[in-house]
2 protein chains.
Amino acid sequence: MEIRIMKNILDRNQNRADMVRSLMYLKKVLMVNIISSPGAGKTTLLERTCEKLCPKFSIGVIEGDITTDRDARRLERYNIPIVVINTEGGCHLDSHSISKVLDSFDLDSLDLLFIENVGNLICPSQFDLGETFKLAVVSTTEGDDKPAKYPMLFREAKAVLLNKVDLMPYTNFNLESFRSDLKRLNPNIPVFETSFTRGDGLEEWYNWLSDQVVSSVNSKASRGV
Amino acid sequence: MEIRIMKNILDRNQNRADMVRSLMYLKKVLMVNIISSPGAGKTTLLERTCEKLCPKFSIGVIEGDITTDRDARRLERYNIPIVVINTEGGCHLDSHSISKVLDSFDLDSLDLLFIENVGNLICPSQFDLGETFKLAVVSTTEGDDKPAKYPMLFREAKAVLLNKVDLMPYTNFNLESFRSDLKRLNPNIPVFETSFTRGDGLEEWYNWLSDQVVSSVNSKASRGV
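Owing to the predicted nature of the structure, the values given are computational and were not obtained by experimental measurement.

Student: Hey, could you run me through the overall build of chain A in this one?
Tutor: Across its full length, chain A carries eight helices and seven strands. Since a compact globule built from 225 residues should have a radius of gyration of about 17 Å, the 17 Å found for chain A is in line with a globular shape. A principal-axis box enclosing the C-alpha atoms of chain A has dimensions of 50 × 50 × 35 Å. Put simply, chain A has 225 residues, and 60% of those count as buried. Residue pairs in contact within chain A that sit at least 24 positions apart in sequence constitute 75% of those at least 6 positions apart. Accessible area of chain A: about 9300 Å², with a carbon and sulfur share of 49%.

The following block contains the structure:
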């Protein structure tokens, strides 16, 4: 009984996600669904990425938050379109809420649309939002066992940012164990070892992300949309 | 429609939670439901607490994990009864799963039963397990904005362990802002500033927890159960 209900919810979510994905494909917007535990650094990643890439690409952000607009306020100074979705206690975003707010963006001019999901390593990985890909952010201070203990996200993600490497020396984080657990789940996934505050690994991240955007934008030019 | 379904699930959960709570009251077992983000230190807290309090009290543990038994294995050396509940992807424990595993414990001799919930700051705080109280664990590396952004848990918890204070100097964590947000949600909640690895604050925690157990055990003696 409960399984049936859950399946209906997921079916409805999948239909709407497919619609969103079709629209993003038509408009050639790269949509990145960022997922992490609370406090792993999603908003700081967006700050750093906007600083670097706003001069180069047209960027928008959908901010998923349970109750506040604190994260959105931190991004206001970049002068980009931002929409906040407050889930009112809900533990993840769904494709319906995403499809409802897409009208707030000029999709024809947009290159890159970030979704900062609710801080939660579990539920957001189970709901397709129609994104181009999921991005996993995990920090060294959470421990090296996160891929093994929360495999869904790490199986699905297209890249992993291992953040707070500046704090690694003060923890018992075992990089080898982290990487080998991850490899078992997702053998070819790129891992960027970063410190969003100190700057480690960010050039590699900007380059990789830019490549993703450029191939999407080139494809937009060639399709004349 | 979805609200109705959710309400039924929560109603059924509440009924079973009330049953569990009645049983714990009768057996005078202090049941502590530990909730935190992934990697905040729940299992290390249990290690430290078992080392210190196992000689004094009869302790059991219910380990909630999505897929592995890694946390339970870390506790094996304390020679205490441990039951693992794998949620198979589920984002929280519910009162049905708790009630099913209670038979595995000798409740008449047990003083203290820990539940290590799934690592998730959101969903577990919405499901009553029949616990005596919820305990919130949050680490400085997650940022000082967690009470404001994830208020449900901090409103409900009976105490907060602010862990990883040894890493605070390397972060931008603002203790004053953390405490004032928390005070707005839960004015009289005790906050223990701890480092489970370095030992800060643990004596205060042991003393506070022991007081909770002793008053429950005394009550057991006086009730002759």
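Now that the structure has been shown, the text picks up again.
Student: For this particular structure, what's the right way to read the relation of the copies chain A and chain B?
Tutor: The operation relating the pair of chain copies consists of a rotation about an axis and a translation along that axis. For the pair chain A and chain B, the best superposition has an RMSD of 0.0 Å and corresponds to a rotation of 180° with a translation of 0.0 Å parallel to the axis. What the rotation and shift describe, once combined, is the action of a two-fold rotation axis. The fraction of interface residues of chain A whose copies in chain B are also interface residues reaches 100%, indicating that both copies meet through the same surface.

Student: Help me understand the environment of Lys134 of chain A, please; the structure alone is not making it clear to me.
Tutor: All names here are of chain A. Checked against the element boundaries, Lys134 lands in strand E5 (residues 133-139). Along the primary structure Lys134 and Leu23 are separated by 111 residues, whereas in three dimensions their C-alpha atoms are 17 Å apart. Looking at Lys134, its side chain comes within polar contact range of the side chain of Glu156, at 3.1 Å.

Student: Would you mind going over the sheet that holds strand E3 (residues 82-86) of chain B with me for this structure?
Tutor: As a general point, the strands of a sheet are linked pairwise by backbone hydrogen bonds and lie either parallel or antiparallel. Residue and element names in this part refer to chain B. In space, the seven strands of this open sheet follow the order E3-E2-E4-E1-E5-E6-E7, with parallel pairing throughout. If you trace the sheet from one side to the other, it starts and ends with E3 and strand E7 (191-193), each paired once. Neighbour to neighbour, the strand axes of the sheet diverge by 20° on average, direction disregarded. In this sheet, strand E4 (residues 112-116) lies alongside strand E1 (residues 30-35) in parallel orientation, the contact comprising five bridges. What sits directly across from Met31, in E4, is Leu113. Sitting on the sheet, helix H2 (residues 42-53) is in contact with E1, strand E2 (59-65), E4, strand E5 (133-139) and strand E6 (159-163), with an inclination near 165° to E4.

Student: Would you mind going over the sheet that holds E5 of chain A with me for this structure?
Tutor: All names here are of chain A. Reading across the sheet, the seven strands line up as E3-E2-E4-E1-E5-E6-E7 and stay open at both edges, with parallel pairing between neighbours. One side of each edge strand has no neighbouring strand; the edge strands of this open sheet are strand E3 (82-86) and strand E7 (191-193). Strand-to-strand twist of the sheet, defined as the mean angle between neighbouring strand axes without regard to direction, takes the value 20°. Across five bridges, the pairing between E5 and strand E6 (residues 159-163) is parallel. When the bridges of E6 are listed, Ser139 appears paired with Asn163. Strands E5, E6 and E7 of the sheet are contacted by helix H7 (residues 175-185), whose axis makes an angle of about 160° with E7.

Student: What exactly am I supposed to notice about the environment of Met19 of chain A here?
Tutor: Here Met19 of chain A lies in helix H1 (residues 2-27). The class for Met19 of chain A is exposed, based on a relative accessible area of 52%.

Student: I would appreciate a short explanation of the pairing of strand E2 (residues 59-65) of chain A in the present structure.
Tutor: Across a regular strand the side chains alternate sides, sitting on one face of the sheet and then on the other. All names here are of chain A. In terms of burial, E2 is largely enclosed, as seven of its seven residues are buried. Strand direction decides the pairing type here: E2 and strand E4 (residues 112-116), joined by five bridges, are parallel. The residue of E4 that forms the bridge with Val61 is Phe114. Two elements, E2 and E3, share five bridges in a ladder whose sense is parallel. Bridge pairing in E3 places Glu63 opposite Val84.

Parameters and conventions
- Residues numbered from 1 in each chain as written.
- Chains lettered and ligands numbered in written order.
- Predicted model: local features only at pLDDT ≥ 70, side-chain atom pairs only at ≥ 80, totals over all residues.
- Heavy atoms only, no water.
- Helix = DSSP H or I, 4+ residues; strand = E, 2+ residues; numbered from the N terminus.
- Rg over C-alpha atoms; globule rule 2.2 N^0.38 Å.
- Buried < 20%, exposed > 50% of the residue type's maximum accessible area, 1.4 Å probe, protein only.
- Contact = heavy atoms within 4.5 Å.
- Areas by Shrake-Rupley, 256 points an atom, 1.4 Å probe, with all protein chains shown as cover.
- Least-squares fit on C-alpha atoms with pLDDT ≥ 70 in both.
- Polar contact = N/O pair within 3.5 Å; in protein donor to acceptor, adjacent residues only side chain to side chain.
- Pairing = 2+ DSSP bridges.
- Axes fitted to C-alpha atoms, helices over the stretch in contact; angles between N-to-C directions.

The quantities given are spatial measurements derived from coordinates; they are silent on function.
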